[in-house]
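Results of the structural survey
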Amino acid sequence: MFKKLFRKEKITQVNFDKFELNLSVQGKESIKKFCNRTDKERMGDIMVLGDKGDNNFFYLIYYAALFDSDLNVRFAALKRIPNFQDNQNFDLLIDNLNKPGVGENLEPYYSMMLCNLGEITPEELNNRMSK
């Protein structure tokens, strides 16, 4: 627990093979820097950048939603995914979230995201929430 609170080790390796996005060297470095921030800092980054919906930061939302180690950071990213609907890689993100064992493990935020995207109705959302 002490290591987690006061971690000094740096994450230098991120498996970009799973990433499926064509990232520049700068984009990869940004993700590595993002990974080395605390959970609270990553959460704040996702909230600020996600609320802006700036497509230049889509790759961070993509990373956070699919791969972040902290569940709350992933939830924060899911909540903000609808702000990036016009990104050319948006469908790739949704397809990855729709894979078995991915989105369903991120409930209820996954269903709320689907509702905000118009993929499910508010009634379907309520039904999912009451299960």
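Refer to the structure printed above.
Now for a look at the structure at hand. All values reported here derive from a predicted model rather than from experimental measurement. (Residues numbered from 1 in each chain as written. Predicted model: local features only at pLDDT ≥ 70, side-chain atom pairs only at ≥ 80, totals over all residues. Heavy atoms only, no water.)

1. Concerning helix 5 (residues 71-80)
Of all the 10 residues making up helix 5, seven are buried; the element is thus mostly covered by neighbouring parts of the structure. Every buried residue of helix 5 is accounted for by Val73, Arg74, Phe75, Ala76, Ala77, Leu78 and Arg80. Tucked inside the fold, the buried residues of helix 5 contact helix 2 (25-35), helix 3 (39-52), helix 4 (58-67), helix 6 (90-97) and helix 7 (109-116). For helix 5, the side-chain oxygen to backbone nitrogen distance between the N-cap and Asn72 is 3.0 Å, and the N-cap itself is Asp70. (Buried < 20%, exposed > 50% of the residue type's maximum accessible area, 1.4 Å probe, protein only. Helix = DSSP H or I, 4+ residues; strand = E, 2+ residues; numbered from the N terminus. Contact = heavy atoms within 4.5 Å. Polar contact = N/O pair within 3.5 Å; in protein donor to acceptor, adjacent residues only side chain to side chain.)

2. Describing the packing of helix 4 against helix 6
Look at helix 4 against helix 6: their axes get within 11 Å of each other, and the N-to-C directions meet at 0°. Between helix 4 and helix 6, the crossing angle belongs to the class labelled roughly parallel. Residues Phe58, Tyr62, Ala65 and Leu66 of helix 4 pack against Phe90, Leu92, Leu93, Asn96 and Leu97 of helix 6. Across the contact of helix 4 with helix 6, the residue classes break down as eight nonpolar, one polar and no charged. (Axes fitted to C-alpha atoms, helices over the stretch in contact; angles between N-to-C directions. Parallel < 35°, antiparallel > 145°, perpendicular 65-115°, else oblique. Nonpolar A, V, L, I, M, F, W, Y, C, P; charged D, E, K, R; others polar.)

3. A look at the packing of helix 3 against helix 4
Close contact between helix 3 and helix 4 brings their axes to 10 Å; oriented N to C, the two are set at 130°. Classified by the angle between their axes, helix 3 and helix 4 sit oblique to one another. Judged by the sense of rotation from one axis to the other, the crossing of helix 3 with helix 4 is left-handed. Of the residues in helix 4, those in contact with Ile46, Leu49 and Gly50 of helix 3 are Leu60, Ile61 and Ala64. Of the residues in the contact of helix 3 with helix 4, the class split is five nonpolar, one polar and no charged. (Left-handed = near helix turned anticlockwise from the far one by under 90°.)

4. Comments concerning the packing of aromatic side chains
Evaluated as defined, the whole model comprises nine aromatic pairs. With centroids separated by 5.9 Å and ring planes inclined at 75°, the aromatic side chains of Phe16 and Phe19 adopt a geometry described as edge-to-face. Phe19 matches Phe16 in its accessibility class, with the two residues each being buried. A ring pair is formed by Phe58 and Phe84, whose centres lie 6.0 Å apart and whose planes are at 55°; its orientation type is tilted. Placement of the pair is Phe58 in helix 4 and Phe84 in the loop between helix 5 and helix 6, with a sequence separation of 26 residues. (Phe/Tyr/Trp six-rings, centres within 6.5 Å; stacked < 30°, edge-to-face > 60°.)

5. Details of the environment of Gln88
With respect to the helices, strands and loops of the structure, Gln88 is situated in the loop between helix 5 and helix 6. Linking Gln88 and Glu123, residues 35 residues apart in sequence, is a C-alpha distance of 30 Å.

6. Here we look at the pattern of salt bridges
Across all of its chains, the model carries six salt bridges by this definition. Of the charged contacts, one joins Lys32 and Glu29 as a salt bridge, the two residues approaching to 3.7 Å between their closest N and O atoms. Here the residue Lys32 and the residue Glu29 both occupy positions in helix 2, the gap between them amounting to three residues, near one helical turn. Residue Glu29 is classed as partly exposed on the basis of its relative accessible area, which comes to 36%. (Salt bridge = Lys/Arg side-chain N within 4 Å of Asp/Glu carboxyl O.)

7. Remarks on the nonpolar core
Judged by nonpolar contacts, the single largest core of 39 residues is most densely connected at Phe19, Ile31, Ile46, Ile81, Leu93, Leu97 and Met113. Secondary structure elements with two or more residues in this core: helix 2, helix 3, helix 4, helix 5, helix 6 and helix 7. Apart from the residues within four sequence positions on either side, Leu93 is in contact with Phe58, Tyr62, Ala65, Leu66 and Ile81. (Core = buried A, V, L, I, M, F, W, Y, C linked by side-chain atoms within 4.5 Å.)

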